[in-house]
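# Examination of the molecular architecture
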Amino acid sequence: MINNKIAEKTYWIGKVDDRKVPFHRLILEKGTTYNSYLLDTEKPTIIDTVDIMYGGEFVKNLQSIIDLNKIHYVVINHVEPDHAGALPSLLNKAKNATIVTTGKGREFLNGMFKLKNRNYLIIKDGDSLDIGGKTLKFFETPYLHTEETMITYCVEDKILYPCDIFSTHIANYELFNDLAKEDITEDFITYYKLIMGPHRSYVRDMINKIRALDIEIIAPSHGFILRDDAQKYINIYDKLSRINPNSKNKKALILFSSMTGNTGKVANSLSQGLTNLGIKSDVFNVKNSDLNVIKQTALESDIIFIGSSTKYGDMIGNLEDVLKELIKLDLSNKLGAAFGSFGWSGEAVEIINDYIKQSSMTLVDTSYLVKYTGANDIQLPLKISYYDEETTSDLCINTAMAVGELVINK
Ligand code: FEO
């Protein structure tokens, strides 16, 4: 363990995976690492574990350096199985450990690993924890890259443990970026674009949260520990998450037909999401809009959202007449997505989805987003039950931003 020391009483206890690793429908040609850390304080604490495949090996290695009954806390920053996967094996031996995670984290862990009888310490943004000689602070970082995620900061060591954030997929035994055999910057940026890029606004929130921290080392959960010029890597995230100048050349058409006004509100929230990215959008209620203007705008747009409320199991108003005209156009190289608010059923959204499939547009749905961005928290086609200002607006904004990122990053 002595070679794996990253600070006083703090050790890397992870796993190097130097296979070509299948990951989010890609193959990680350079492999990866699953970084886990032991803070061997008066209340020994583990931060994240390793991939579920290596749970047995992880526990066996750990047993050789510490009595697992002494483990006081296991911090789970992110529940995906490449980091929380070894938790059941670990807890099987670490009988006295309390799991430290967010409320959503507990929900997910209970669902995946049936750990509801274990002790939990549920974290809220900004909470601190004394682990006997070191102090941990926690910050919620939802959607970086899944809903439950948080990051951990050790005050005394000035080390940030951000799990997936600031990671790089490179299998390595050198551990620290200053010992890397080659410049890792391009791999670091590629990782950002693949995993974090679709969640741009949440990256901005995260950067604002860590701005006040004195960070000397970033100890992520994949790839190198960034102890040489940690600020450089924060600056890269800062720069990449600002609105991309490329977005100014992108346009969107949002076309809708609304019975009570709720689908119109969804349309406006989608427009807000695109505006957040710097993408201009034209919002047309088909009832009041000229068909030729709609067609011309469609031809000039990169994204076309089409929505309707549902009445008698179908679209309403003259939207279908407009769709029949739109699908005759050459809309190749454009992305299309369906949406709609509904009261008791939402068939209209599915019918619009079918029209988009028939057109020359590329249909963006949940499956497409998962495959091409890794974003697994967006449901498309977007079906909204009524419209609640407090909860629905953010959902629509995030959906539009996920689609908008696809054209910005083209
Ligand atoms: Fe590295 Fe989201 O898991």
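Placed above this text is the structure.
Structural notes, computed from the coordinates. Source: prediction; values computed, not measured.

Here the structure, examined in full by the defined rule, presents 8 aromatic pairs. When the centroid spacing of 4.9 Å and the interplanar angle of 45° are considered together, the rings of tyrosine 143 and tyrosine 202 count as tilted. Here tyrosine 202 lies in helix α6 (residues 200-210) and tyrosine 143 lies in the loop between β13 (135-140) and β14 (150-154), a separation of 59 residues in the sequence. Tyrosine 143 sits in the buried class, given a relative accessible area of 17%. Arranged with centres 6.4 Å apart and planes meeting at 75°, the rings of phenylalanine 305 and phenylalanine 339 form a pair that is edge-to-face. Residue phenylalanine 305 is found in strand β19 (residues 303-308), and its partner phenylalanine 339 is found in strand β20 (residues 335-342); the two are separated by 34 residues along the sequence. Residue classification places phenylalanine 305 among the buried residues on the basis of a relative accessible area of 1%. Residue class for phenylalanine 339 comes out buried when judged on its relative accessible area of 0%. A connected cluster of aromatic rings, assembled from ring pairs, spans Phe166, Phe188, Tyr192, Tyr233 and Tyr237.

Turning to the sheet that holds strand β7 (residues 37-39), a few remarks are in order. Ordered in space as β1-β2-β7-β8-β9-β10-β11, the 7 strands form an open sheet in which the pairing is mixed. Each having just a single partner strand, β1 (5-7) and β11 (120-123) make up the two edges of the open sheet. Within this sheet the neighbouring strands show an average axis-to-axis angle of 25°, counted without direction. Bridging between strand β9 (residues 73-75) and strand β10 (residues 98-102) involves 3 bridges; their strand directions are parallel. Bridge pairing in β10 links valine 75 to valine 100.

This part is about the pattern of salt bridges. Taken as a whole, this structure holds 23 salt bridges when the rule is applied. One salt bridge connects arginine 204 with aspartate 238, and the closest N-O pair in it is separated by 2.7 Å. In this pair, arginine 204 sits in helix α6 while aspartate 238 sits in helix α7 (residues 230-241), placing the two residues 34 residues apart along the sequence. Judged by relative accessible area, arginine 204 falls into the buried class, the value being 16%. For arginine 242, the salt bridge goes to aspartate 238, with nearest N and O atoms at 3.1 Å. Since its relative accessible area comes to 43%, arginine 242 is described here as partly exposed.

Reading guide: rules and limits
Residues numbered from 1 in each chain as written. Predicted model: local features only at pLDDT ≥ 70, side-chain atom pairs only at ≥ 80, totals over all residues. Heavy atoms only, no water. Phe/Tyr/Trp six-rings, centres within 6.5 Å; stacked < 30°, edge-to-face > 60°. Helix = DSSP H or I, 4+ residues; strand = E, 2+ residues; numbered from the N terminus. Buried < 20%, exposed > 50% of the residue type's maximum accessible area, 1.4 Å probe, protein only. Pairing = 2+ DSSP bridges. Axes fitted to C-alpha atoms, helices over the stretch in contact; angles between N-to-C directions. Salt bridge = Lys/Arg side-chain N within 4 Å of Asp/Glu carboxyl O.

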